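Structural features, examined
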Amino acid sequence: MKKIIIIFILSINFAFANTTKCDKDSVKKINITTFSGDNMNLLYQYCRYNNEESKNYDGYQLLTINVDNNSFTYTNNVIGNEYFGGEMFYSKLGIFGLIESNTGNSPLTITYLNIKDNNLILLGKITFERRMGNIIGEPIIENISNETIRIIDNIFVLNKKNILGEYFLNYYESFLFILADQFKQNLSKHDINRLLDKLANYPDLNNFYRQKIFFKDRSLCTYNENLIEMDAFGCQIGNKQLSICYNYFNKSDLIYRFGNKNKIELELRKEISDHKVSINPLVFKKNIWHYEVNTYPDNAGILIKKNNENITFLKCENESVEPYILNPIWN
């Protein structure tokens with residue numbers, strides 16, 4: 001098991017007073033009570049190194065945490081420049097941490113922390129690139145261990161009612177469970193649909209969970225560094241898969257795919273615009289053939305017509321139906 005080492009800095013003033021200058025504008029304080037009843041006081045600062053004293057980093061993020069009269073600090077060296085946009089995040093789930101990011105298409109890094117048994121625990125780090133509002137390629141995950149995976153799984157189980165209920169999940173909370181995708185073992189199909197519905201606020205995360213965690217063995221939509229297709233709907237029909245996809249960057253077409261990962265038996269496209277995407281059924285045409293996709297969970301499937309006459313209805317297997325979420329961004 002990889003060892004996680006947290007450095008505790010007990011005297012902030014003496015440790016850095018002579019070597020750094022902290023930006024007053026970056027100071028942020030927050031008091032929060034977690035779902036478990038812990039009272040947490042968080043203080044975030046960004047401090048710059050003097051040029052002659054640090055050749056590798058421009059400064060560091062400093063997070064001070066006070067819980068039940070115990071004080072902890074965590075520092076994170078960063079390369080800043082004038083575009084530095086770092087900050088802290090916090091959650092009633094009992095997780096908190098640091099966001100290190102630059103504007104534009106530069107990578108964004110999230111550091112997740114937790115207090116357990118009077119110890120400050122580094123749960124892990126996620127670094128990824130966002131381009132035009134979507135996650136590009138595979139995130140880099142660091143400092144994850146079996147122990148922290150168990151902690152994250154436990155956080156989910158203990159807070160499942162809140163996570164799937166009325167509580168608003170921020171972007172960084174929502175990303176947490178990518179560190180421990182085993183948490184899906186604690187989810188029913190109904191739970192998955194509820195979580196995906198909540199993640200509709202974050203289309204990139206919603207799509208990542210659909211294609212990389214929940215439906216990764218079935219989806220016929222493409223997700224890689226060169227092409228991001230959003231998974232709008234899908235289900236299994238016998239030993240075949242139906243997927244409705246659209247290109248995240250070029251939103252002119254809605255794509256119908258039927259078959260399996262080894263062989264796409266039929267691919268159809270229809271032009272979409274913002275006033276057409278919610279229509280049910282979704283109708284795809286090929287000459288005299290029409291394929292009408294019903295996305296309602298209770299009767300999801302494909303009605304096949306020839307010259308406007310019903311030929312057959314291919315019903316989706318109930319437990320395989322993905323929630324229909326189509327949220328392109330045209331502006």
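As a starting point, this report considers the structure included with it. Because the structure is predicted, anything quoted here is derived from the model rather than measured. (Residues numbered from 1 in each chain as written. Predicted model: local features only at pLDDT ≥ 70, side-chain atom pairs only at ≥ 80, totals over all residues. Heavy atoms only, no water.)

Another point: the overall build of the protein. A tally of helices and strands in the protein yields 6 helices and 18 strands. Within the span of the protein, comprising 331 residues, buried residues form 49% of the whole. Sequence-distant contacts, at least 24 apart, represent 48% of the contacts inside the protein between residues at least 6 apart. Taken as a whole, the protein presents about 17,100 Å² of accessible surface, with 45% of it coming from carbon and sulfur. (Helix = DSSP H or I, 4+ residues; strand = E, 2+ residues; numbered from the N terminus. Buried < 20%, exposed > 50% of the residue type's maximum accessible area, 1.4 Å probe, protein only. Contact = heavy atoms within 4.5 Å. Areas by Shrake-Rupley, 256 points an atom, 1.4 Å probe, with all protein chains shown as cover.)

So, about the pairing of strand β3 (residues 39-49). A regular strand carries its side chains on alternate faces of the sheet. As paired elements, strand β2 (residues 28-33) and β3 share 6 bridges and run antiparallel to each other. In the strand pairing of β3, Ile32 is matched with Met40. Counted along the chain from β2 to the antiparallel partner β3, the turn is 5 residues long, and its residue Gly37 has a positive phi close to 95°. Here 9 bridges tie β3 to strand β4 (residues 59-67), and the two strands are oriented antiparallel to one another. Its bridge partner lying in β4, Cys47 is registered against Tyr60. (Pairing = 2+ DSSP bridges.)

Attention now moves to the nonpolar core. Counting residues in hydrophobic clusters, the biggest one holds 71 residues, and the most contacted among them are Tyr112, Phe175, Phe214, Leu242, Ile244 and Tyr256. By size, the runner-up hydrophobic cluster in this structure holds 17 residues, among which are Ile32, Ile65, Phe72 and Val78. (Core = buried A, V, L, I, M, F, W, Y, C linked by side-chain atoms within 4.5 Å.)

What follows is about the sheet that holds strand β10 (residues 134-142). Read across the open sheet, the 5 strands follow the order β6-β7-β8-β9-β10; overall the sheet is antiparallel. Since the sheet does not close on itself, it has two edges, and those belong to β6 (87-90) and β10, each with one partner. Going from strand to strand, the sheet's axes swing by 25° on average, the running direction of each strand aside. Two strands pair when backbone bridges link them, and β6 and strand β7 (residues 95-101) are joined in this way by 4 bridges, in the antiparallel orientation. Within β7, the position partnered with Phe89 by the bridge is Gly97. Where helix α2 (residues 146-158) meets the sheet, its contacts fall on β7, β8 (107-116) and β9 (119-131), and the angle it forms with β9 comes to roughly 85°. The sheet contacts of helix α6 (residues 203-214) involve β9 and β10, and relative to β10 the element is tilted by about 70°. (Axes fitted to C-alpha atoms, helices over the stretch in contact; angles between N-to-C directions.)

The next thing to look at is unusual backbone geometry. For Asn69, which is not a glycine, the phi torsion comes out positive at approximately 70°. With respect to the helices and strands, Asn69 occurs in the loop between β4 and β5 (70-78).

Right, let's get into the side chain of Ser320. For Ser320, the position within the fold is in the segment after β18 (309-315). One polar contact links the side chain of Ser320 to the main-chain amide nitrogen of Gln236, over a distance of 2.8 Å. The residues touching Ser320, leaving out its near neighbours within four places in the chain, are Lys189, Arg218, Gly234, Cys235 and Gln236. (Polar contact = N/O pair within 3.5 Å; in protein donor to acceptor, adjacent residues only side chain to side chain.)

A word on the sheet that holds strand β12 (residues 240-247). Across the sheet, which stays open at both edges, the 4 strands sit in the order β11-β12-β13-β14 with antiparallel pairing between neighbours. The sheet is open, and its two borders are formed by β11 (229-237) and β14 (264-271), each paired with just one other strand. Ignoring which end each strand starts from, the neighbouring axes of this sheet average 15° apart. When strand β13 (residues 253-259) meets β14, the two strands line up antiparallel, connected through 7 bridges. For Asp253, the partnering residue across the bridge sits in β14 and is Glu271.

Where helix α5 (residues 189-198) contacts α6, the axes come no closer than 9 Å and their chain directions differ by 150°. Of the possible angle classes, the one that applies to α5 and α6 is roughly antiparallel. Crossing handedness for the pair α5 and α6: right-handed. Taken together, the residues of α6 that come into contact with α5 (itself represented by Ile192, Leu195 and Leu196) are Asn206, Tyr209, Arg210 and Phe214. Taken together, the residues of the contact of α5 with α6 sort by class into 5 nonpolar, 1 polar and 1 charged. (Parallel < 35°, antiparallel > 145°, perpendicular 65-115°, else oblique. Left-handed = near helix turned anticlockwise from the far one by under 90°. Nonpolar A, V, L, I, M, F, W, Y, C, P; charged D, E, K, R; others polar.)

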